[in-house]
Each structure stands twice: as structure tokens, then as C-alpha cells.
Amino acid sequence: MFTTALQPQTQTTKLPHDLIEAIQALKQEMNAVILAHYYQDPDIQDVADYLGDSLGLSQQAASTDADVIVFAGVHFMAETAKILNPDKLVLLPDLDAGCSLADSCPPDAFAAFKAAHPHHLVISYINCTAEIKAMSDIICTSSNAVQIVRQLPQDQPIIFAPDRNLGRYVMAQTGRDLVLWQGSCIVHETFSERKMIQLKIQHPTAEIIAHPECEPAILRHANYIGSTTALLKYCQQSTSQSFIVATEPGIIHQMQKQATDKQFIPAPPTNSCNCNECPYMRLNTLEKLYLAMKHRAPEIILPEATRIAALQPIQRMLAMSV
Ligand code: 13P
Ligand code: SF4
């Protein structure tokens, strides 16, 4: 791992009685913005200045005039914010908030894979490390992957990394043949097709909505497939009263807030566990968020050469997403 950071003095800090009030005060004092992903705990979602999917969060990071970005999400998201904002302080409440998908694509192995396909353009899903971004031509997210591939010439050979499920979904949507890196997300691969069908029998009028990181066996039952923001919008607009939600259940907090009269049922995992909750996203807590702001750490720090190499493919994505 090439990113380093200072660890806060969490042991010695006495937590304030009203954490939310203390976070708001620190935000003013530091001229900070809190960006949060929908998979965060509800109390973090409620304290955020901006809540969004990976694309929305990158767009916010690219345009903010705050001096400090407090990123309530996972490492690759905070890293993307730092790539876009080398002169700002970017804080991540828990540095161990990684991502199984990013981990499934080690830089050395990916460099060899890329070298074996010298004529291919590399499109990488934003859920990857800065080193993988630096080896890519264009970054994409789950909300613009199809749109970006459609903008490229038909005869352009393409590597798509690291998520094979999103890659297969893009192939099906565009009719293009992509060379896929075989990575996946532990959360989105945990849903049980059998249990989901049982749930649908119990709730026959419920619509199944799914994130494209899910396996094809889940996606084939879905009435709607989209990024977290797209799923949220779909639930608001649909006339259906209930939904079986095949993505990380943190998003149900927003779904419920935006459609109080509708029912949202989390898609069940294969085991009797909470494996549909992202163990990385859930490492962040309101307490850690407060401590990160108080101590101005842990901070995301990147080698400048990697940052510069990773910047261009992100900027290409932003330009192709308008
Ligand atoms: P989106 O934010 O693009 O919907 O992706 C979900 C995800 O898994 C983030 O890690
Ligand atoms: Fe990574 Fe999956 Fe967690 Fe998203 S849900 S951060 S892809 S492990």
C-alpha cells in the first residue's frame, strides 16, 4: 500500500456529549465538506453535506471550494477526491475502510494483464486503487459505464476492470465484447437467488431492483438495474409499493426517507449473516468521523507521480459523463 496517513489520538480524546453539534462546529471552523456514500450508517448519512453514488461524489469532490474534504466512504473514494484535490486535506474516518473489489486487482498482476493486451483501451471501474487508475485510460462508475463504452469506436478493443459482474452487464447492454478482469465485490456476490425467489413469492407485487455488481443469476430477475443513485430515483418514480433491494442495505435509509409509504426489503444473503452489509463501509462511525475532524487525521497522501497519472483517466470520465 502506497498511501500513508497519520493516525488520530483516539485513545485520549474525550467525546463531546452532542457529537452532531460538535461535527457541525468543526465543519465551520475548518471550512470542511462532508461527502458520504449511501452505504454509510444512517447517522453519518444524516450529518453529510452531500450524499451520493460514486459518480456524484467524484463530481462533488471535483467542484468543492471547501479546504477540507471529510470522506465518509471507502478508501478508493477518498483517494479519488485527493487525486482531484492535491492541495486539500482529505480525511477518511477509518483508514482500514478498503474494498474487496479494489483488493481483487493487484497492480503487478494487472500490469502483466495489460501488457498481454497491448492494443486494448483500459476502462477501470472507480472501485480500484490509484495505481490501477494510473494504468487506465478512462475511469467509469456503475452509473456511466454503459454510456462511456457506447462513446468509443465499435472496433476499439477494450479491457474492463476490475469488476467482472459490471463488465458482463456492460457487455450485455452494449453488445460489445470486453476483455474482463475477474474481480468481484464480496457484498454483491452474497445474494442468494433461491432465497430471493422465495421472497418474491411472499411479496408477489414487489419489484426486484439490483446493482450491476450483482451476479447474473440475481440480475436476470431484476425489474430494474442501476447505480445506487439510479435505484433511489427508480423507487421514487415507480408506482410500485414494495421493492426487494439487491444492494448494500445502507441505501434503504434514503429510500425510506424519500418514499415513507413504500416498503423496502433487503435481498437476503446466502448465509444467515449480515454479509449484505459492506464490512469496509461500516468501519466508519460518527465517533470516528468526529475524531478525524478534530485531529485532522487520518489523511490520504499519495505519491505525486501516481496522482498525476491517475488524474487524466478520472478527468476523461468526468468529461464523458456530462
Ligand atoms: P455506486 O456508488 O456507483 O452505486 O457503487 C456502489 C458501490 O459498491 C460503491 O462501492
Ligand atoms: Fe467495495 Fe463492495 Fe463494499 Fe462497494 S460494497 S465498497 S464494491 S466491498
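What counts and what doesn't
- Residues numbered from 1 in each chain as written.
- Chains lettered and ligands numbered in written order.
- Predicted model: local features only at pLDDT ≥ 70, side-chain atom pairs only at ≥ 80, totals over all residues.
- Heavy atoms only, no water.
- Helix = DSSP H or I, 4+ residues; strand = E, 2+ residues; numbered from the N terminus.
- Rg over C-alpha atoms; globule rule 2.2 N^0.38 Å.
- Buried < 20%, exposed > 50% of the residue type's maximum accessible area, 1.4 Å probe, protein only.
- Contact = heavy atoms within 4.5 Å.
- Areas by Shrake-Rupley, 256 points an atom, 1.4 Å probe, with all protein chains shown as cover.
- Lys, Arg positive; Asp, Glu negative; His and termini not counted.
- Charge placed at Lys NZ, Arg CZ, Asp CG, Glu CD.
- UniProt positions renumbered as here; feature names shortened; annotations may be inferred.
- 1 Å grid on protein atoms, 1.4 Å probe; cavity = no way out; pocket = protein on both sides within 12 Å on 5 of 7 lines; lining within 4 Å.
- Points joined across faces, edges and corners; volume = space filled by probe spheres on them.
- Nonpolar A, V, L, I, M, F, W, Y, C, P; charged D, E, K, R; others polar.
- Expected span 1.5 Å × (residues − 1).
- Core = buried A, V, L, I, M, F, W, Y, C linked by side-chain atoms within 4.5 Å.
- Pairing = 2+ DSSP bridges.
- Axes fitted to C-alpha atoms, helices over the stretch in contact; angles between N-to-C directions.
- Polar contact = N/O pair within 3.5 Å; in protein donor to acceptor, adjacent residues only side chain to side chain.

Before going further, it helps to spend a moment on the overall build of the protein chain. When helices and strands are counted, the protein chain shows 15 helices and 12 strands. The C-alpha atoms of the protein chain give 20 Å as radius of gyration, which agrees with the globular expectation for 322 residues (20 Å, within 12%). In terms of its C-alpha atoms, the protein chain occupies a principal-axis envelope of roughly 50 × 50 × 35 Å. Across the 322 residues that make up the protein chain, the buried fraction comes to 58%. Taking contacts inside the protein chain between residues at least 6 apart in sequence as the whole, the part at least 24 apart equals 66%. Entry remark: accessible area of the protein chain is about 13600 Å², with carbon and sulfur atoms responsible for 50%. Averaging the coordinates of the 23 positive side-chain charges in the protein chain and doing the same for the 32 negative ones gives two points 4 Å apart.

Moving on, we get to the UniProt feature "binding site: [4Fe-4S] cluster" (unreviewed entry) in the protein chain. The positions that UniProt labels "binding site: [4Fe-4S] cluster" (unreviewed entry) are, in the present scheme, C99, C185 and C278. What stands out for the annotated residues spanning 180 residues is how close their C-alpha atoms remain, the widest pair being 9.3 Å apart. In the annotation above, C99, C185 and C278 are the residues that line the largest cavity. For C99, the position within the fold is in the loop between β4 (89-91) and α5 (100-103). Overall, C99 belongs to the buried group, its relative accessible area being 11%. Leave out the neighbours within four places in its chain, and C99 touches F76, N127 and Y280. Apart from the residues lying within four places of it in its own chain, the contact partners of C185 are S100, L101, D163 and E213.

Bringing empty space enclosed by the protein into the picture now. Considering all chains together, one arrives at two cavities of 30 Å³ or more under this definition. If you add up the space inside the largest cavity, you get close to 240 Å³. Split into classes, the residues belonging to the lining of the largest cavity amount to 12 nonpolar, nine polar and three charged. In this structure, the second largest cavity is lined by S54, L57, S58, F71, F76, M77, T80 and I126. Elements that contribute at least two residues to the lining of the second largest cavity include exactly α3 (54-63) and α4 (75-84). When the residues that make up the lining of the second largest cavity are grouped by side-chain class, the tally is five nonpolar, three polar and no charged.

As annotated by UniProt and renumbered to match this structure, "binding site: iminosuccinate" (unreviewed entry) occupies H37, S54, Y125, I126, N127, S142, H211, P212, E213 and T228. Considered against the largest cavity, the annotated residues that line it turn out to be H37, S54, Y125, N127, S142, H211, E213 and T228. Residue position: H211 is located in the loop between β9 (207-210) and α11 (216-219). Considering the arrangement of structural elements, one finds E213 in the loop between β9 and α11. A relative accessible area of 5% places E213 in the buried class.

Here we take up helix α15 (residues 304-320). The terminal C-alpha atoms of α15, which comprises 17 residues, lie 25 Å apart, in line with the 24 Å expected from a rise of 1.5 Å per residue. The complete set of buried residues in α15 reads T306, R307, A310, L311, P313, I314, M317, L318 and M320. On its buried face, α15 sits against α3, α4, α7 (130-134), β6 (138-140) and α8 (145-150).

F71, I123, F160, V170 and I244 are the most contacted members of the largest nonpolar core, which has 68 residues in total. Ignoring any residue separated from it by four or fewer positions in sequence, one finds F71 in contact with L35, L57, M77, A78, A81, L91, L92 and P93. Formed by 34 residues, the second largest nonpolar core is a distinct cluster that contains A22, M30, V70 and L286.

The four strands lie next to each other as β2-β1-β3-β4, forming an open sheet whose pairing is parallel. Of all strands in the sheet, those with a lone pairing partner are β2 (50-52) and β4, marking the two edges. This sheet shows a mean twist of 20 degrees between the axes of neighbouring strands, independent of strand direction. Its contacts with the sheet put α3 on β1 (32-37), β2 and β3 (68-72), and the angle it makes with β1 is roughly 170 degrees.

A word on the side chain of D53. Along the chain, the position of D53 falls in the loop between β2 and α3. In this structure the side chain of D53 is engaged in a polar contact, spanning 3.1 Å, whose partner is the side chain of S227.

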